[in-house]
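Notes for the structure review
Here's the letter readout for the chains.
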Amino acid sequence: MCQSSSLEVYSKTPNGYVGKCTGCNKYNVVFENIFILLTESELYALSNVIDENYGVWMFENPIGKGKRVSMQTPLPNLYFAFTIEEYEELKRLINETILILDARAFLKKPLNQN
């Protein structure tokens, strides 16, 4: 995270955003009190984890403050807890960003000339 660089925001919701720092080229995933810095490949990996619900558990009884969704992180014994609505919002943030990145990559490819 570069404090003097600007941020190109790809997706934004009331509870967070995903943007790319123009200084260090890291993606900032900010959601409620979670702040993660990721490379592009790590962002794609997070997208796959969220889309496949890998390491995600739904609880009948809330974990606290209505949080029924638990998402495992790569760190042992560290989990993120969400309400169902928060988890869906986080998925939307990540998926919108991936869609924009894929579209930009597609548009940069040269057209086949036949």
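Just so you know, these numbers come straight off a predicted model, no measurement behind them. (Residues numbered from 1 in each chain as written. Predicted model: local features only at pLDDT ≥ 70, side-chain atom pairs only at ≥ 80, totals over all residues. Heavy atoms only, no water.)

Our next topic: the sheet that holds strand β2 (residues 16–21). For sheets, the rule is that strands pair by backbone hydrogen bonds, running either parallel or antiparallel. Spatial ordering of the open sheet is given by β1-β2-β3-β4, a layout of 4 strands whose pairing is antiparallel. At either margin of the open sheet sits one strand with a lone partner, and together these are β1 (7–13) and β4 (34–38). Averaged over all neighbouring strand pairs, the angle between strand axes comes to 15°, with direction disregarded. In the sheet, β1 pairs with β2 via 6 bridges, with the strands oriented antiparallel. Counterpart to Leu-7 in the pairing with β2 is Cys-21. Taken strand by strand, helix α2 (residues 84–108) contacts β1, β2 and β3 (27–31), and its axis lies near 140° from that of β1. (Pairing = 2+ DSSP bridges. Helix = DSSP H or I, 4+ residues; strand = E, 2+ residues; numbered from the N terminus. Axes fitted to C-alpha atoms, helices over the stretch in contact; angles between N-to-C directions. Contact = heavy atoms within 4.5 Å.)

For the coordinates displayed, the defined rule picks out 5 aromatic pairs. Judged by centre distance (6.0 Å) and plane angle (40°), the rings of Tyr-10 and Tyr-27 are tilted. Taken together, the positions of Tyr-10 in strand β1 and Tyr-27 in strand β3 put the pair 17 residues apart, joining distant regions of the chain. A single burial state applies to Tyr-10 and to Tyr-27, both of which are buried. Here a set of aromatic residues connected by ring pairs shows up, and it is made of Phe-31, Phe-80, Phe-82 and Tyr-87. (Phe/Tyr/Trp six-rings, centres within 6.5 Å; stacked < 30°, edge-to-face > 60°. Buried < 20%, exposed > 50% of the residue type's maximum accessible area, 1.4 Å probe, protein only.)

For the pair helix α1 (residues 40–52) and α2, the least separation of the axes is 10 Å and the interaxial angle reads 135°. The orientation of α1 with respect to α2, classified from their angle, is oblique. As for the relative orientation of α1 and α2, their crossing is left-handed in sense. Each of Glu-40, Leu-43, Tyr-44, Leu-46, Ser-47, Ile-50 and Asp-51 in α1 lies in contact with α2, whose residues at this interface are Tyr-87, Leu-90, Lys-91, Ile-94, Asn-95, Thr-97, Ile-98, Leu-101 and Asp-102. Tallied by class, the residues present in the contact of α1 with α2 amount to 9 nonpolar, 3 polar and 4 charged. (Parallel < 35°, antiparallel > 145°, perpendicular 65-115°, else oblique. Left-handed = near helix turned anticlockwise from the far one by under 90°. Nonpolar A, V, L, I, M, F, W, Y, C, P; charged D, E, K, R; others polar.)

Burial of the side chains of strand β7 (residues 79–82) is restricted to one face: Phe-80 and Phe-82 are buried, whereas none of Tyr-79 and Ala-81 on the reverse face is. Here strand β6 (residues 69–72) runs beside β7; their pairing, made up of 4 bridges, is antiparallel. Residue pairing across strands places Ser-70 opposite Ala-81, the latter belonging to β7. Where β6 folds back on β7, the antiparallel hairpin that results is connected by 6 residues, among which Asn-77 adopts a positive phi of roughly 65°.

No statement about biological role is implied by the geometric values presented.
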